[in-house]
Amino acid sequence: MTRRLTVAQALVTFLAHQYTERDGRRQRLIDACWGIFGHGNVAGIGQALLESEGALPYLQGRNEQAMVHAAVGFARQRDRLAAHAVTTSIGPGATNLVTGAALATINRLPVLLLPGDTFATRPADPVLQQLEHPGAGDISVNDCLRPVSRYFDRITRPEALIPAALQAMRVLTDPAETGAVTLALPQDVQVEAYDWPEEFFADRVWHVRRPAPDPAATADAAAAVRAARRPLIVAGGGVHHSEAEDALRALVEATGIPVASTQAGKGSLRHDHPADVGGIGHTGTAVADELARAADVVIGVGTRYSDFTTASATLFAPGVRFVNLNITSFDAHKLAALPLVADARAGLRALTEALAGYRVPASYESEYAAGKAAWEAEVERAYAVADPGARPGQAQVIGALDAVVGEEDVIINAAGSLPGDLHKLWRARSRRQYHLEYGYSCMGYEIPAAIGVRLAAPDRPVWALVGDGTYLMMPTELVTAVQEGIAIKVVLIQNHGYASIGGLSEAVGGERFGTAYRYRAPDGTYSGDPLPVDLAANAASLGMDVLRARTAGELRTVLAEARAADRPTCVYVETETADSVSGAPPAQAWWDVPVAETATRPAAVRARRDYERHAAARRRYLGT
């Protein structure tokens, strides 16, 4: 039997019947479709979504990049077992997807992109918004999405949709392959009818696998750990994606091995677990980084080993051995490691069994316990408010929020100076409380991601933490939150500039050039008075309820009021200026940002000397 539908109608119907299953739990794979309509998708996907009468729910966005961010936030909160689709018109609507697609793929998070495309039949050439390439007639702007997609196909004939749609679902649900998936849809093909086999629209369940590690590899990994006296676990985002937190806790409680976490892995253990030593790397804690420098075996679980994690290949000691448990062979083999290619939960359980009877020396446990206590004292000092009547520093803002939230709250951030402070200071209370996008560190992610997280977990308070720089990049989806009644909480920190890059600029001899939001001074630099912008008024104009915290003493009360609110609410707080914003302990490890080799300004000359000293400590980890 067949059913006659357009390509767009067939795709929407197909997506409404896709499910995932893991550990006996089944849920819809494509939960909803975000869309902004133009001539490239309004008569195709737009009409099909309307015709479906809600079988595939529609969500209206304001910016195509932001729609992808919202979809990514949703997918991460749902442990990659459910996702959103995003549809756009051709031209700028499609190219606006590229940044979001890169973010999704780098972070290994599933999102289905459905950009409209130019005519497959080319009745008019060029059409509005078409890129003409004189050397290739089959190129469109959608080809920009190829390098940032895990799977890409252009559907130039109706019957081509069937294999392409199945391949798209395969990639979205494969934990080793997932990321952005793009099906480019020429606008004439979208509306073309075809007789589809009914089997295409049957319920289809994609079983998300938990592959176990190879027994020989497990034995090799266990032997390496058993020979260690100072092992360290580096917990990455794969711990959360696999729901492996309990398995990790069982391993560390049996062995006493301490756990340091990447940005994506923070919260793998609760902050108050004796084995949790906090963040690792350039934005890590002193105790975690000192343990890393002296570790003889490092066990990476679900981590990509970014340059922030390894302090640009300067953190770990020469001769250290790596054991990498990862669902992808690509990541498991990094740093010449002993690879355990497996699901994180399955691999941790196998490793725990193989390590039965092993425990680190008691002196090692005492050492990291003392380091953990010393760092906790640093956190308390950073959070302390010396003058309740003064403006808070950024660390005091984080401390006030820390005092207000519960285990169920979700804290979202991605860029600026906040990620470093949060990685060092935040006390993660539950597995999905700490939501940092630091694979792409994309300004503008936080507000739309908060909407996606709230859609995925409607009973959890969700906070988007943004500085003024990030806010000005993409406040558009505040309107979406207001329209849909999605009660996110936005903490908007006004510090008059790019605080993070300002600090980095100073460290590398750039003298904070071009990083402050100030009037241009007579000498041509942006060093005049702060700009008289009122971002709180801007948020209010977009429909948000706005609460102003004028002093450090008011802040906790205002945050508590926002937490109790049942409407989208913004807390506006002006902190110290961008050149004195943080108040958190300084970096505990290096990060490689090359400095000018020749310069006349003294700041750059000094920075180059420091750079060469640190760069000399870089090393290749080649195993033994």
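Anything mentioned here points back to the structure above.
A brief look at the structure comes next. Given the structure is predicted, the values throughout are model-derived calculations rather than measurements.

## Observations regarding the packing of helix α10 (residues 245–255) against helix α14 (residues 344–354)
Between two packed helices, the angle of one axis relative to the other and the distance separating the axes together describe the packing. It is the contact of α10 with α14, at a shortest axis distance of 8 Å, that shows an interaxial angle of 20 degrees. Between α10 and α14, the angle falls in the class roughly parallel. Between α10 and α14 lies a crossing of left-handed hand. Residue-level inspection shows Ala 247, Leu 248 and Leu 251 of α10 in contact with α14, the latter providing Arg 345, Leu 348, Arg 349, Leu 351 and Thr 352. Looking at the contact of α10 with α14, its residues break down into 5 nonpolar, 1 polar and 2 charged.

## Regarding the sheet that holds strand β16 (residues 321–326)
Taken in spatial order, the 6 strands line up as β14-β13-β12-β15-β16-β17 in an open sheet, and their pairing is parallel. The open sheet has two edge strands with one neighbour each: β14 (276–279) and β17 (338–341). Strand after strand, the sheet turns through a mean of 20 degrees between neighbouring axes, direction not considered. Direction of pairing for strand β12 (residues 231–235) relative to strand β15 (residues 297–301): parallel, over a ladder of 5 bridges. Bridging from a neighbouring strand, Leu 232 pairs with Val 298 of β15. α10 rests against β12 and β13 (259–261) of the sheet, and its axis sits at about 170 degrees to β12.

## Describing the pattern of salt bridges
Scanning all chains against the criterion turns up 41 salt bridges. As a salt-bridge pair, Arg 210 and Asp 23 come within 2.8 Å of each other at their nearest N and O atoms. With Arg 210 in the loop between β11 (204–207) and α8 (215–226) and Asp 23 in the loop between β2 (18–22) and β3 (25–28), this pair connects stretches of sequence that are 187 residues apart. Through salt bridges with shared partners, a single network forms among Glu 376, Glu 380, Asp 402, Arg 427 and Arg 429.

## Points about α14
By the burial criterion, the buried members of α14 are Ala 344, Arg 345, Ala 346, Gly 347, Leu 348 and Leu 351. Where α14 is buried, its residues contact α8, α9 (237–241), α10, β15 and β16.

## Re the nonpolar core
If you look at the biggest cluster of nonpolar residues, it comprises 85 residues, and the most contacted ones within it are Ile 233, Leu 248, Ile 299, Phe 316, Trp 426, Trp 463 and Leu 559. Apart from residues lying up to four places away in sequence, Ile 299 is in contact with Val 225, Leu 232, Ile 233, Val 234, Ile 257, Tyr 305, Val 323 and Leu 351. Membership of the second largest hydrophobic core comes to 49 residues, among which are Leu 59, Met 67, Ile 412 and Ala 464.

## Examining empty space enclosed by the protein
Here the structure, examined in full by the defined rule, presents 3 cavities of 30 Å³ or more. Looking at the largest cavity, its volume works out to about 580 Å³. Counting only elements with at least two residues in the lining of the largest cavity, the list comes to α9 and α12 (307–310). Broken down by element, the residue count for the lining of the largest cavity peaks at 4 residues, all from α9. Here the second largest cavity is characterised by a volume of approximately 60 Å³. Surrounding the second largest cavity, Arg 22, Asp 79, Arg 80, Leu 81, Leu 172, Thr 173, Asp 174, Pro 175, Thr 178, Val 208 and His 241 form its lining. Of the residues belonging to the lining of the second largest cavity, the class tally is 4 nonpolar, 3 polar and 4 charged.

## Examining helix α16 (residues 394–404)
Summarising burial for α16: 10 of the 11 residues are buried, a large majority. Regarding α16, the residues found buried are Gln 394, Ala 395, Gln 396, Val 397, Ile 398, Gly 399, Ala 400, Leu 401, Asp 402 and Val 404.

## Looking at unusual backbone geometry
Of the consecutive residues Asp 125 and Pro 126, the connecting peptide bond is found in the cis state with omega at 10 degrees. Despite not being glycine, Glu 511 has its phi angle at roughly 55 degrees, a positive value. For Glu 511, the location among the structural elements is in the loop between α21 (499–507) and α22 (535–541). Note on Glu 511: relative accessible area 38%, which makes it partly exposed.

## Notes on a nonpolar patch on the surface
On the surface, a cluster of nonpolar side chains totalling about 240 Å² of accessible area is made up of Phe 37, Val 42 and Tyr 58. Positionally, Tyr 58 belongs in strand β5 (residues 58–60).

Definitions and cut-offs
Residues numbered from 1 in each chain as written. Predicted model: local features only at pLDDT ≥ 70, side-chain atom pairs only at ≥ 80, totals over all residues. Heavy atoms only, no water. Axes fitted to C-alpha atoms, helices over the stretch in contact; angles between N-to-C directions. Helix = DSSP H or I, 4+ residues; strand = E, 2+ residues; numbered from the N terminus. Parallel < 35°, antiparallel > 145°, perpendicular 65-115°, else oblique. Left-handed = near helix turned anticlockwise from the far one by under 90°. Contact = heavy atoms within 4.5 Å. Nonpolar A, V, L, I, M, F, W, Y, C, P; charged D, E, K, R; others polar. Pairing = 2+ DSSP bridges. Salt bridge = Lys/Arg side-chain N within 4 Å of Asp/Glu carboxyl O. Buried < 20%, exposed > 50% of the residue type's maximum accessible area, 1.4 Å probe, protein only. Core = buried A, V, L, I, M, F, W, Y, C linked by side-chain atoms within 4.5 Å. 1 Å grid on protein atoms, 1.4 Å probe; cavity = no way out; pocket = protein on both sides within 12 Å on 5 of 7 lines; lining within 4 Å. Points joined across faces, edges and corners; volume = space filled by probe spheres on them. Patch = residues over 30% accessible without salt bridge, like charges linked within 9 Å, V, L, I, M, F, W, Y side chains within 5 Å. Areas by Shrake-Rupley, 256 points an atom, 1.4 Å probe, with all protein chains shown as cover.

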